[in-house]
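# A look at the structure
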Amino acid sequence: MAKIKLEIISPNKVVYSADIDMLIVRSISGDLGILPKHAPLLAGLVPHAMKAIIDGTENLIAVSGGFMEVQPDKIVVLASAAELPIEIDINRAKRAYERAKKRLESFNQNPEVNIDIDTIRARAAMARAKARLVATRTDVG
């Protein structure tokens, strides 16, 4: 089967580099499946756990958003942050998720009193934490 080169790059390092069969990502327009010889494409990415499939095995990588460039023989993901499951502190991700969830619940219960809660920032923190937990195959709760 044909392969396509995948490189995931964060500001600090090359997080992942491999020849893969397929990549499944969540773009700002929805989910995309990228196979070898895909048409050229540029896409913005939202926080999620992307799936790199190699010989039937699904490898998850948490990304906190960024951009993806697809060429027929190569995919480059420029991520604001990206982590392999082994690098993720699950307890820290759970705490971040719960903190963001509580902020949003507090705002939703009484928006007039909790007007100082930045809901956009809380939703973004929750999405990043969820991506990290999904990548580690941990229940988001």
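One can find the structure itself at the top, above this paragraph.
Residues numbered from 1 in each chain as written. Predicted model: local features only at pLDDT ≥ 70, side-chain atom pairs only at ≥ 80, totals over all residues. Heavy atoms only, no water.

### Re the pattern of salt bridges
Under the defined criterion, the tally for this structure stands at 7 salt bridges. The partner of Lys3 in a salt bridge is Asp55, with the nearest N and O atoms 3.0 Å apart. Of this pair, Lys3 sits in the segment before β1 (4–9) while Asp55 sits in the loop between β5 (41–54) and β6 (57–71), and the two are 52 residues apart along the sequence. Of the charged contacts in the structure, one is a salt bridge between Lys74 and Glu7, with a shortest N-O distance of 3.7 Å. Note that Lys74 is positioned in strand β7 (residues 74–79) and Glu7 in strand β1, a separation of 67 residues in sequence. Through salt bridges that share partners, Lys3, Asp21 and Asp55 make up one connected network. (Salt bridge = Lys/Arg side-chain N within 4 Å of Asp/Glu carboxyl O. Helix = DSSP H or I, 4+ residues; strand = E, 2+ residues; numbered from the N terminus.)

### With respect to the environment of Arg121
In this structure, Arg121 sits in helix α2 (residues 119–135). Sequence separation of Arg121 and Asn108 is 13 residues, and the distance between their C-alpha atoms is 15 Å.

### Focus on α2
Within an α-helix, residues lying three or four positions from one another point in the same direction, as the helix has 3.6 residues per turn. The terminal C-alpha atoms of α2 lie 24 Å apart, and with 17 residues this matches the ideal 24 Å at 1.5 Å per residue to within 8%. Buried within α2 we find Thr119, Ala122, Ala125, Ala129, Ala131, Arg132, Leu133 and Ala135. Here the buried face of α2 lies against β5, β6, β8 (82–83) and α1 (90–109). N-cap assignment for α2: the residue whose side-chain oxygen lies 3.3 Å from the backbone N of Ile120 is Asp118. At the C-terminal side of α2, Arg137 shows a positive phi close to 60°. (Expected span 1.5 Å × (residues − 1). Buried < 20%, exposed > 50% of the residue type's maximum accessible area, 1.4 Å probe, protein only. Contact = heavy atoms within 4.5 Å. Polar contact = N/O pair within 3.5 Å; in protein donor to acceptor, adjacent residues only side chain to side chain.)

### Structural notes on the side chain of Arg132
Its location among the elements puts Arg132 in helix α2. Under the relative-accessibility criterion, Arg132 is labelled buried at 11%. With residues near it in sequence (within four places) discarded, Arg132 still touches Ala62, Glu83, Ile88, Asp89, Arg92 and Ala93.

### Some details on the pairing of strand β2 (residues 14–20)
With 6 bridges joining them, β1 and β2 adopt antiparallel strand pairing. Residue pairing for β2: Ile4 is matched across the bridge by Ile20. Adjacent in sequence and paired antiparallel, β1 and β2 are bridged by 4 residues. (Pairing = 2+ DSSP bridges.)

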